Amino acid sequence: MACFRILAAVFTALILMTPMSVRAQEPAKSFAVTPFTINGPDKYAYLSRGIQDMMISRLTWEDHFQHIGKDKLETTTAPTSDSQAVAARSSVGSDYLVWGSVTIMGDQCSVDVRTTGPDGSTWPASDQTSISGLIPSLEKTAKAISARVFKRPEPEAQADSEQINRMNPDLIHNETSPTQEFYINPQFRYQGGTDSPGRWRSPSLPFVSRGMIVGDPDGDGVNELIFISKHAVYVYRVADEKFVKLDEVRPGGRTELLNISLLDINHDGKQEIIISGYYSEKADSFILNFENDKLVVTEAHLPLFLRVAKLPPLFQPTLVGQKVTETNVLVGDVYEVTKIGGKFTLGTRVPLPEDSNVFNFTYLPTKGDEYKVLQVNNEDRIEVYTPRFDLQTVTYDQYAGSAIGFEIPDTIKGFSTNKDQFTNWYYIPLRLIISDLDGDGVNEILVNKNISTAAQFFKSYRFFPNGEIHSLFWDGVGMSLAWKTRRIKGSVVDYGLGDLNNDGVQDMYVCLNTHPGATGIKARRTTVTAYPLDMSKTNTKLDREAE
């Protein structure tokens, strides 16, 4: 009996020493988020569900607060008063109910988010912001609800040595801790010397580039760098860290070259070089092969603007084209281009939003087989559409602007221009590169953002002295920033992903023309900046809640 008493005392002492969370962990509480009321133009109606999804994601706290499921809210009307919120919370059976509205007037909006608790009390949170600041405002509100209503503690600071997503030390990430390698406020880290770690720069090349792409056009397993200038095509190879010129041709005499793509059209393991051109108010395009270190023009003076795009549902690279008549008016829409009987002809029509053209659209795969349609408008802003071409959002910042274009009349569909220019020009947007570099299943968009004070005041000013490559992602409401490069000195004309120097490591490369300033445009030269992406150091997903 004495032994039993001793054992009982020991067990009692152990129980008392055990933390309360281990002895009896409280069951997780529930919350519900109703679709938000959107007071404003119909084009913002998508925000109702988008904000709901965003708040559910941000407020979920594993083992503590779980959402009841959107299926239980299908018949629930969004409340517009505290009394309606109390009734709605009781009806759906959740401990807490989060609801609210966004009122949009012009480019400004007011945000009203309310949280109704078990005792019927309501905790309000309001903010006034711009459309571009809506996402950060909602992020701030969600964190406030988590802390003040759900009593969620602030996350512990990460160790000084911890670094998130170490693809390249020259990329600036959306991280909030000042002890990490990357910072949320990149303007504090704009400047980097030419010997900055993680960045490699080529010598100057003796021409002014209009485009560049990395690939294997001769199928020998070694990548080449193909450039276009205003009238010529150049092929280089990086050998022993040196740029070696292999060949140069002028495929169309005075034809102005506009952009360049690669695609294995005939499936022989060799990528054809596809170049769109423009001459005498007509499309004038070319297809070249590269064999035995020599460029060979196989198709000349094609009356189509051409480009390679990844089309749904498989998102495989596909040759697409668009016609232009002698009067420079587009005929029809954008089509897949196929080779039949030795001739390139227009095939299946590519469904696109209004004002799309062969140069300005890209498809962004999202969840499962879903996707968004991205279109760069004439103000260099990215428009985001649903597959049914409902406009969801437009970026506040300008992206993908270039100085490459041609004069057009006002009547061309899809090639609209700024009304305050003395001459109407259509400027071809730079590429939107779709990738999932960090392997988290969320595709990002790599795109250039030009940095120019003069361009802010003069819309026709297109010689940008600086640029940055931004990685954007769709967060359910708009486009958010995942990471960006330091500021790049020079006018960015092209960029992409590829093993530039054949060392087995994928690079993000940026082709740019030097900006000589007072020395004049004749002094411009081409250089290439490369950022090796060591994927073995990508140890975690990006913190996409840091925006």
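With an unreviewed UniProt entry as reference, the protein is termed FG-GAP repeat protein, source organism Desulfovibrio ferrophilus.

> Would you mind going over the overall build of the protein in detail, with residue names and values included?
When you go through the protein residue by residue, the secondary structure sums to six helices and 35 strands. Residues classed as buried in the protein amount to 51% of the 547 residues present. Taking contacts inside the protein between residues at least 6 apart in sequence as the whole, the part at least 24 apart equals 50%. Carbon together with sulfur atoms contributes 52% to the accessible area of the protein, which is approximately 26300 Å² in total.

> Lay out the sheet that holds strand β10 (residues 224-228) in plain terms, naming residues and giving numbers.
Think of a sheet as strands paired side by side through backbone hydrogen bonds, with each pair either parallel or antiparallel. Read from one edge of the open sheet, four strands run β9-β10-β11-β12, paired in antiparallel fashion. Two strands lie at the open edges of the sheet, namely β9 (211-215) and β12 (242-249), each paired on one side alone. Geometrically, the sheet is characterised by an average inter-axis angle of 25 degrees between neighbouring strands, direction not taken into account. By the bridge criterion, four bridges tie β10 to strand β11 (residues 233-239) in an arrangement that is antiparallel. When the bridges of β11 are listed, I228 appears paired with V233.

> So what about the packing of aromatic side chains? Which residues, and what values?
Evaluation of the coordinates by the stated rule reveals 20 aromatic pairs. Over the face of the ring belonging to F361 we find R307, whose NZ or CZ atom lies 4.8 Å from the ring centre. Cation over ring: K449 sits above Y399, and NZ or CZ is 5.7 Å from the ring centre.

> So, the nonpolar core: which residues are in play, and what are the values?
In this structure, L47, I51, M55 and L59 are the most contacted members of the largest nonpolar core, which totals 60 residues. It is helix α3 (residues 47-59) that provides the largest number of residues to this core, a total of six residues. Each of two domains, domain 1 (29-150) and domain 2 (201-532), supplies a minimum of three residues to this core. Apart from residues no more than four positions distant in its own chain, L47 is found in contact with I38, I104, L134 and V477. Counting residues in hydrophobic clusters, the runner-up holds 33 residues, among them F227, V233, L500 and V528.

> Outline the packing of α3 against helix α5 (residues 134-148), listing residues and values.
Look at α3 against α5: their axes get within 10 Å of each other, and the N-to-C directions meet at 40 degrees. Accordingly, the angle class assigned to the pair α3 and α5 is oblique. Pair α3 / α5 crosses with right-handed handedness. In this structure, α3 contributes L47, I51, M54, M55, R58 and L59 to the contact, and α5 contributes L134, I135, L138, E139, A142, I145 and S146. Looking at side-chain class alone, the contact of α3 with α5 contains ten nonpolar, one polar and two charged residues.

> Summarise the confidence of the model for the protein; cite the residues concerned and give the values.
In the predicted model, the protein carries a mean pLDDT of 82, and the fraction of residues at 70 or more is 77%. The low-confidence segment residues 10-16, where pLDDT is below 50, has one contact with residues more than four positions distant or belonging to other chains. Note that pLDDT drops below 50 for residues 18-24; the model gives that stretch three contacts with residues more than four away or on any other chain.

> Run through the pattern of salt bridges, naming residues and quoting values.
By the definition in use, this model includes 15 salt bridges. Between D397 and K449 there is a salt bridge, with its nearest N and O atoms 3.9 Å apart. With D397 in the loop between β25 (391-394) and β26 (405-407) and K449 in strand β29 (residues 444-451), this pair connects stretches of sequence that are 52 residues apart. When its relative accessible area of 32% is taken as the criterion, D397 is described as partly exposed. Between E468 and K484 there is a salt bridge; the shortest N-O distance is 3.2 Å. Here E468, found in strand β30 (residues 466-474), pairs with K484, found in strand β31 (residues 479-485); they are 16 residues apart in sequence, far enough to count as distant.

> So what's going on with the pairing of β10? Which residues, and what values?
Taken across its five residues, β10 has five buried, putting it largely inside the fold. The alternating pattern of β10 places E224, I226 and I228 on one face and L225 and F227 on the opposite face, and all of these are buried. Pairing of β9 with β10 involves five bridges; the strand directions are antiparallel. Within the sheet, the bridge partner assigned to I213 lies in β10 and is I226. Hairpin connection, β10 to β11: the antiparallel pair is bridged by four residues.

About the criteria used
- Note on numbering: residues in each chain are counted from 1, in written sequence order.
- The predicted nature of this model means local features are confined to residues of pLDDT at least 70 and side-chain atom pairs, given and counted, to a pLDDT of 80 or more, with totals for whole chains, interfaces and linings taken over all residues.
- Side-chain numbers here rest on the full set of heavy atoms in the structure, without hydrogens or water.
- A run of DSSP states H or I qualifies as a helix once it reaches four residues; a run of E qualifies as a strand once it reaches two. Both are numbered from the N-terminal end.
- Only protein chains enter the accessibility calculation, which uses a 1.4 Å probe; a residue whose area is less than 20% of its type maximum is buried, one above 50% is exposed, and one in between is partly exposed.
- Here, residues are in contact when the closest pair of their heavy atoms is within 4.5 Å.
- Each accessible area is a Shrake-Rupley estimate made with a 1.4 Å probe; only the visible protein chains count as cover when residues are assessed.
- For two strands to be treated as a pair, DSSP must find no fewer than two bridges joining them.
- Each axis is a line fitted through C-alpha atoms, and for a helix only the stretch in contact is used; angles between axes span 0 to 180 degrees, taken between their N-to-C directions.
- Centres within 6.5 Å are what make two rings of Phe, Tyr or Trp a pair, Trp counting through its six-membered ring; a difference in plane orientation under 30 degrees is then read as stacked, over 60 as edge-to-face, and the rest as tilted.
- Distance and angle both matter: a charge sits over a ring if NZ of Lys or CZ of Arg is within 6 Å of the ring centre and within 35 degrees of the ring normal.
- For this analysis, a nonpolar core means a set of buried residues of the types Ala, Val, Leu, Ile, Met, Phe, Trp, Tyr and Cys, connected via side-chain atoms within 4.5 Å.
- Per the annotation, domain bounds derive from an automatic or database assignment of domains.
- Roughly parallel means an angle under 35 degrees; roughly antiparallel, over 145; roughly perpendicular, 65 to 115; everything else is oblique.
- What makes a crossing left-handed is the near helix being turned counterclockwise from the far one by less than a right angle; a clockwise turn instead makes it right-handed.
- The classification used treats Ala, Val, Leu, Ile, Met, Phe, Trp, Tyr, Cys and Pro as nonpolar, Asp, Glu, Lys and Arg as charged, and all other residues, Gly among them, as polar.
- pLDDT runs from 0 to 100 and stands for how confident the predictor is about each residue.
- Any Lys or Arg side-chain nitrogen found within 4 Å of a carboxyl oxygen on Asp or Glu counts as a salt bridge.

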